[in-house]
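Each chain, written out:
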Amino acid sequence: VLSGATPGYSTEQSKVLLKEHGWALEPDLLVLGSMWSDNNLRPALWSDYKLVAWHRTDRDWLDELGKRRLQHALQRTSFAFNWLFTAFGKNDSDHFAVSWQESEIRDEGFRRVPLEQYAENLDSIALDAAQRDIGVIFLSPCNQILLQRANQHRDTSWSPYLRAMEKIASVRDLPIVSGCEVLLKNGMSASTAFIDAMHPTAT
(Lines give C-alpha, C1' and ligand atoms only; values in the text may rest on other atoms or scores of the structure.)
Protein backbone atom coordinates (compact mmCIF):
# COMPACT_ATOMS: atom_id res chain seq x y z
CA VAL A 1 0.00 0.00 0.00
CA LEU A 2 1.33 3.41 -1.00
CA SER A 3 -0.20 6.29 0.96
CA GLY A 4 -0.86 9.39 -1.11
CA ALA A 5 -2.88 10.99 1.66
CA THR A 6 -1.63 14.39 2.81
CA PRO A 7 -3.06 16.09 5.92
CA GLY A 8 -5.15 19.11 4.98
CA TYR A 9 -5.46 18.19 1.30
CA SER A 10 -8.83 18.58 -0.40
CA THR A 11 -9.96 16.84 -3.58
CA GLU A 12 -8.73 19.90 -5.51
CA GLN A 13 -5.18 19.29 -4.26
CA SER A 14 -5.54 15.51 -4.58
CA LYS A 15 -6.31 15.93 -8.30
CA VAL A 16 -3.05 17.86 -8.72
CA LEU A 17 -1.13 15.24 -6.71
CA LEU A 18 -2.55 12.44 -8.87
CA LYS A 19 -1.68 14.31 -12.07
CA GLU A 20 1.88 15.11 -10.96
CA HIS A 21 2.75 11.83 -9.20
CA GLY A 22 -0.09 9.44 -8.43
CA TRP A 23 -1.16 8.16 -11.85
CA ALA A 24 2.47 7.50 -12.81
CA LEU A 25 2.64 4.93 -10.00
CA GLU A 26 0.08 2.85 -11.93
CA PRO A 27 -1.82 1.57 -8.88
CA ASP A 28 -4.23 -1.36 -9.13
CA LEU A 29 -6.68 0.27 -6.74
CA LEU A 30 -7.28 3.84 -5.57
CA VAL A 31 -8.86 4.27 -2.13
CA LEU A 32 -10.34 7.77 -1.99
CA GLY A 33 -11.49 9.14 1.37
CA SER A 34 -11.11 12.90 0.89
CA MET A 35 -13.85 14.89 2.58
CA TRP A 36 -12.95 16.66 5.84
CA SER A 37 -10.83 19.35 4.19
CA ASP A 38 -13.29 19.84 1.33
CA ASN A 39 -16.28 20.54 3.55
CA ASN A 40 -14.35 22.64 6.08
CA LEU A 41 -16.60 25.63 6.77
CA ARG A 42 -15.51 29.12 7.72
CA PRO A 43 -18.16 31.58 8.87
CA ALA A 44 -18.56 34.86 7.04
CA LEU A 45 -17.12 37.80 8.98
CA TRP A 46 -19.45 40.77 9.15
CA SER A 47 -19.10 44.24 10.64
CA ASP A 48 -21.96 46.76 10.67
CA TYR A 49 -23.84 44.44 8.29
CA LYS A 50 -21.00 44.54 5.76
CA LEU A 51 -18.93 41.56 4.68
CA VAL A 52 -15.37 42.33 5.81
CA ALA A 53 -13.62 39.02 5.10
CA TRP A 54 -14.01 36.70 2.15
CA HIS A 55 -12.91 33.11 1.91
CA ARG A 56 -11.38 31.90 -1.35
CA THR A 57 -12.08 28.34 -2.41
CA ASP A 58 -9.23 25.87 -2.92
CA ARG A 59 -9.84 26.06 -6.68
CA ASP A 60 -9.37 29.84 -6.58
CA TRP A 61 -6.12 29.47 -4.66
CA LEU A 62 -4.75 26.83 -7.02
CA ASP A 63 -5.56 29.08 -9.98
CA GLU A 64 -3.76 31.94 -8.24
CA LEU A 65 -0.73 29.76 -7.51
CA GLY A 66 -0.61 28.72 -11.16
CA LYS A 67 -0.26 32.36 -12.17
CA ARG A 68 2.72 32.80 -9.83
CA ARG A 69 4.92 29.92 -11.00
CA LEU A 70 7.85 32.18 -11.91
CA GLN A 71 7.69 33.95 -8.54
CA HIS A 72 7.68 30.64 -6.68
CA ALA A 73 10.56 29.29 -8.77
CA LEU A 74 12.65 32.37 -7.93
CA GLN A 75 11.71 32.14 -4.24
CA ARG A 76 12.99 28.56 -4.17
CA THR A 77 16.30 29.35 -5.88
CA SER A 78 17.27 33.00 -5.36
CA PHE A 79 18.34 34.51 -2.05
CA ALA A 80 18.45 37.96 -3.67
CA PHE A 81 14.89 37.66 -4.95
CA ASN A 82 13.66 36.59 -1.51
CA TRP A 83 15.41 39.54 0.12
CA LEU A 84 13.90 42.00 -2.36
CA PHE A 85 10.45 40.39 -2.12
CA THR A 86 10.51 40.56 1.68
CA ALA A 87 11.76 44.15 1.69
CA PHE A 88 9.52 45.59 -1.03
CA GLY A 89 6.87 43.03 -1.87
CA LYS A 90 3.25 43.52 -0.93
CA ASN A 91 1.60 40.79 1.12
CA ASP A 92 -1.90 40.83 -0.32
CA SER A 93 -2.95 37.43 1.04
CA ASP A 94 -6.53 37.47 2.30
CA HIS A 95 -6.98 33.77 2.90
CA PHE A 96 -7.89 32.03 6.12
CA ALA A 97 -5.72 29.34 7.66
CA VAL A 98 -7.26 25.87 7.79
CA SER A 99 -9.50 25.84 10.83
CA TRP A 100 -10.97 23.37 13.26
CA GLN A 101 -13.63 21.17 11.69
CA GLU A 102 -17.12 22.36 12.63
CA SER A 103 -19.64 19.74 13.73
CA GLU A 104 -22.84 21.72 13.21
CA ILE A 105 -24.65 23.14 10.20
CA ARG A 106 -24.24 26.91 9.85
CA ASP A 107 -26.68 29.13 7.99
CA GLU A 108 -23.90 30.92 6.12
CA GLY A 109 -20.20 30.61 5.54
CA PHE A 110 -17.67 29.49 2.98
CA ARG A 111 -16.51 25.98 2.12
CA ARG A 112 -12.96 25.22 1.02
CA VAL A 113 -14.50 23.17 -1.79
CA PRO A 114 -18.17 23.93 -2.53
CA LEU A 115 -20.45 20.89 -2.58
CA GLU A 116 -20.95 20.90 -6.36
CA GLN A 117 -17.19 21.07 -6.97
CA TYR A 118 -16.62 18.27 -4.45
CA ALA A 119 -19.02 15.94 -6.28
CA GLU A 120 -17.50 16.98 -9.60
CA ASN A 121 -13.99 16.20 -8.31
CA LEU A 122 -14.94 12.74 -7.00
CA ASP A 123 -16.57 11.93 -10.33
CA SER A 124 -13.62 13.28 -12.30
CA ILE A 125 -11.09 11.24 -10.29
CA ALA A 126 -13.21 8.09 -10.69
CA LEU A 127 -13.42 8.62 -14.47
CA ASP A 128 -9.67 9.31 -14.76
CA ALA A 129 -9.00 6.07 -12.87
CA ALA A 130 -11.38 4.09 -15.10
CA GLN A 131 -9.62 5.38 -18.22
CA ARG A 132 -6.38 4.00 -16.75
CA ASP A 133 -8.01 0.68 -15.80
CA ILE A 134 -7.53 1.46 -12.10
CA GLY A 135 -10.14 0.33 -9.59
CA VAL A 136 -11.67 2.83 -7.15
CA ILE A 137 -13.14 2.44 -3.67
CA PHE A 138 -14.62 5.36 -1.75
CA LEU A 139 -13.90 5.47 1.97
CA SER A 140 -16.54 7.35 3.94
CA PRO A 141 -14.52 8.86 6.82
CA CYS A 142 -15.53 8.64 10.46
CA ASN A 143 -15.07 10.83 13.51
CA GLN A 144 -16.00 10.71 17.18
CA ILE A 145 -19.40 12.32 16.68
CA LEU A 146 -20.40 10.00 13.84
CA LEU A 147 -19.25 6.94 15.76
CA GLN A 148 -21.30 7.93 18.79
CA ARG A 149 -24.38 8.48 16.62
CA ALA A 150 -23.78 5.85 13.95
CA ASN A 151 -27.43 4.79 13.93
CA GLN A 152 -28.95 8.25 14.27
CA HIS A 153 -29.87 10.69 11.53
CA ARG A 154 -28.46 14.05 12.51
CA ASP A 155 -27.55 16.85 10.15
CA THR A 156 -24.03 18.17 10.57
CA SER A 157 -21.84 20.40 8.42
CA TRP A 158 -20.50 17.33 6.61
CA SER A 159 -23.81 15.52 5.98
CA PRO A 160 -24.27 16.95 2.43
CA TYR A 161 -20.74 15.84 1.54
CA LEU A 162 -21.32 12.31 2.81
CA ARG A 163 -24.47 12.16 0.70
CA ALA A 164 -22.57 13.46 -2.33
CA MET A 165 -19.96 10.73 -1.94
CA GLU A 166 -22.70 8.10 -1.66
CA LYS A 167 -24.44 9.46 -4.76
CA ILE A 168 -21.30 9.43 -6.93
CA ALA A 169 -20.50 5.90 -5.73
CA SER A 170 -24.01 4.81 -6.69
CA VAL A 171 -23.98 6.53 -10.10
CA ARG A 172 -20.56 5.09 -10.98
CA ASP A 173 -21.36 1.70 -9.42
CA LEU A 174 -18.36 1.91 -7.09
CA PRO A 175 -18.03 0.26 -3.67
CA ILE A 176 -18.11 2.57 -0.68
CA VAL A 177 -16.72 1.56 2.71
CA SER A 178 -17.99 3.20 5.90
CA GLY A 179 -15.14 4.01 8.25
CA CYS A 180 -17.58 4.01 11.16
CA GLU A 181 -18.90 0.54 10.30
CA VAL A 182 -15.35 -0.81 10.17
CA LEU A 183 -14.58 0.63 13.61
CA LEU A 184 -17.81 -0.68 15.12
CA LYS A 185 -17.27 -4.17 13.68
CA ASN A 186 -13.85 -4.17 15.32
CA GLY A 187 -15.34 -3.23 18.70
CA MET A 188 -13.98 0.31 18.73
CA SER A 189 -15.62 2.98 20.85
CA ALA A 190 -15.37 6.71 20.26
CA SER A 191 -12.85 7.05 23.11
CA THR A 192 -10.58 4.24 21.87
CA ALA A 193 -10.80 5.23 18.21
CA PHE A 194 -10.22 9.00 18.52
CA ILE A 195 -8.02 11.28 20.59
CA ASP A 196 -10.42 14.18 20.03
CA ALA A 197 -13.44 14.93 17.82
CA MET A 198 -11.60 14.27 14.56
CA HIS A 199 -8.18 12.65 14.93
CA PRO A 200 -7.72 8.85 15.23
CA THR A 201 -5.65 7.13 17.87
CA ALA A 202 -2.80 4.77 17.03
CA THR A 203 -5.17 1.91 17.80
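What comes next concerns the included structure. Quick caveat: nothing in here was measured; it's all calculated off a predicted structure.

**Notes on helix α1 (residues 11–22)**
Line of reasoning, step 1. Taking 1.5 Å per residue, 12 residues should reach 16 Å; α1 reaches only 13 Å between its end C-alpha atoms and comes up short.
Line of reasoning, step 2. For α1, the set of buried residues is T11, E12, S14, L18 and G22.
Line of reasoning, step 3. Contact partners of the buried residues in α1: β1 (29–32), α2 (36–39), α3 (58–67) and α6 (115–131).

**Describing the sheet that holds strand β7 (residues 176–178)**
Line of reasoning, step 1. Read from one edge of the open sheet, 3 strands run β1-β6-β7, paired in parallel fashion. Each having just a single partner strand, β1 and β7 make up the two edges of the open sheet. Between one strand axis and the next, the sheet turns by 25 degrees as a mean value, whatever way the strands run.
Line of reasoning, step 2. Summarising the sheet, β1 and strand β6 (residues 135–140) pair through 4 bridges and their orientation is parallel.

Thresholds applied
- Residues numbered from 1 in each chain as written.
- Predicted model: local features only at pLDDT ≥ 70, side-chain atom pairs only at ≥ 80, totals over all residues.
- Heavy atoms only, no water.
- Helix = DSSP H or I, 4+ residues; strand = E, 2+ residues; numbered from the N terminus.
- Expected span 1.5 Å × (residues − 1).
- Buried < 20%, exposed > 50% of the residue type's maximum accessible area, 1.4 Å probe, protein only.
- Contact = heavy atoms within 4.5 Å.
- Pairing = 2+ DSSP bridges.
- Axes fitted to C-alpha atoms, helices over the stretch in contact; angles between N-to-C directions.

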